[in-house]
Amino acid sequence: MKDIKMNRTNMEARHQFDASTLIIMFFDISEKYDQITMSHLSIFLALLRLWAGNMFQNPITITRSKVMRLARVNAKTTYHKCIKDFRNTGLIDYYPSFHPQGESKIVLRFTENHLLS
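Below or above, wherever it landed, is the structure these notes cover.

Calculation criteria
Residues numbered from 1 in each chain as written. Predicted model: local features only at pLDDT ≥ 70, side-chain atom pairs only at ≥ 80, totals over all residues. Heavy atoms only, no water. Helix = DSSP H or I, 4+ residues; strand = E, 2+ residues; numbered from the N terminus. Buried < 20%, exposed > 50% of the residue type's maximum accessible area, 1.4 Å probe, protein only. Polar contact = N/O pair within 3.5 Å; in protein donor to acceptor, adjacent residues only side chain to side chain. Salt bridge = Lys/Arg side-chain N within 4 Å of Asp/Glu carboxyl O. Pairing = 2+ DSSP bridges. 1 Å grid on protein atoms, 1.4 Å probe; cavity = no way out; pocket = protein on both sides within 12 Å on 5 of 7 lines; lining within 4 Å. Points joined across faces, edges and corners; volume = space filled by probe spheres on them. Nonpolar A, V, L, I, M, F, W, Y, C, P; charged D, E, K, R; others polar. Contact = heavy atoms within 4.5 Å. Axes fitted to C-alpha atoms, helices over the stretch in contact; angles between N-to-C directions. Parallel < 35°, antiparallel > 145°, perpendicular 65-115°, else oblique.

This paragraph deals with the side chain of Asp93. Its location among the elements puts Asp93 in strand E2 (residues 92–95). Among the residues examined, Asp93 registers a relative accessible area of 14% and is labelled buried. Side-chain polar atoms of Asp93 contact the side chain of Arg109, separated by 3.1 Å.

We now examine the pattern of salt bridges. Evaluation of the coordinates by the stated rule reveals 2 salt bridges. The residue Lys81 makes a salt bridge to Asp85 at a minimum N-O spacing of 2.7 Å. Of this pair, Lys81 and Asp85 both sit in helix H5 (residues 76–89), 4 residues apart, which is roughly one turn of the helix. Assessed through its relative accessible area of 8%, Asp85 is described here as buried.

What follows is about the pairing of E2. Side chains Ile92 and Tyr94 of E2 all project onto a buried face; the interleaved residues Asp93 and Tyr95 project onto the opposite face, where all are buried too. In the sheet, E2 pairs with strand E3 (residues 104–108) via 4 bridges, with the strands oriented antiparallel. The residue of E3 that forms the bridge with Tyr94 is Ile106.

Bringing the pairing of E3 into the picture now. Across the 5 residues of E3, 4 count as buried, placing the element largely inside the fold. Across 3 bridges, strand E1 (residues 60–62) lies against E3 in antiparallel orientation. Considered in E3, the bridge of Ile60 is made with Ile106.

Another point: the layout of surface pockets. A volume near 280 Å³ is recorded for the largest pocket. The wall of the largest pocket is formed by 16 residues, among which Arg64, Tyr94, Ser97, His99 and Ser104 lie closest to the centre. Elements represented by at least two residues in the lining of the largest pocket include exactly helix H4 (64–71) and H5. The dominant element in the lining of the largest pocket, judged by the number of residues it contributes, is H5, at 3 residues. Its residues assigned to classes, the lining of the largest pocket comprises 6 nonpolar, 7 polar and 3 charged.

Relative to the assigned elements, Ile83 resides in helix H5. For Ile83, a relative accessible area of 3% gives the class buried. Beyond its immediate sequence surroundings of up to four residues, Ile83 is in contact with Ile43, Leu47, Ile92, Tyr94 and Ile106.

Where H4 meets H5, the axes come as close as 11 Å, and the angle between the chain directions of the two elements is 95 degrees. On the basis of the axis angle, H4 is roughly perpendicular to H5. Of the residues in H5, those touching H4 at Arg64, Val67 and Met68 are Lys76, Tyr79 and His80. Considering only residue class, the contact of H4 with H5 consists of 3 nonpolar, 1 polar and 2 charged.

Read these as geometric descriptors, not functional statements.
Encoded structure:
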């Protein structure tokens, strides 16, 4: 399993972003992928909210139900498709719990160049 802890330099760099910068970065990235929909944007904003609530530190701990509630997404298939698409585009690293009440971990991968290496 990958080491999902951020080093201090990456953590400090993340604090330099504000919400508008991250949203603009998301739109820049989404222009490259035809499959990005309003559901993706809604879930992305929910993940940003949870990341901010975690003091902009990775990883964030999530539950599907909480993300779906924040994103106003009702279908589990939509949620899972968006998470899969985010993983495939490199926006997140996703560590599922595989338990209905368990908490999964997500690492958001942003820098000025859009993605952490």
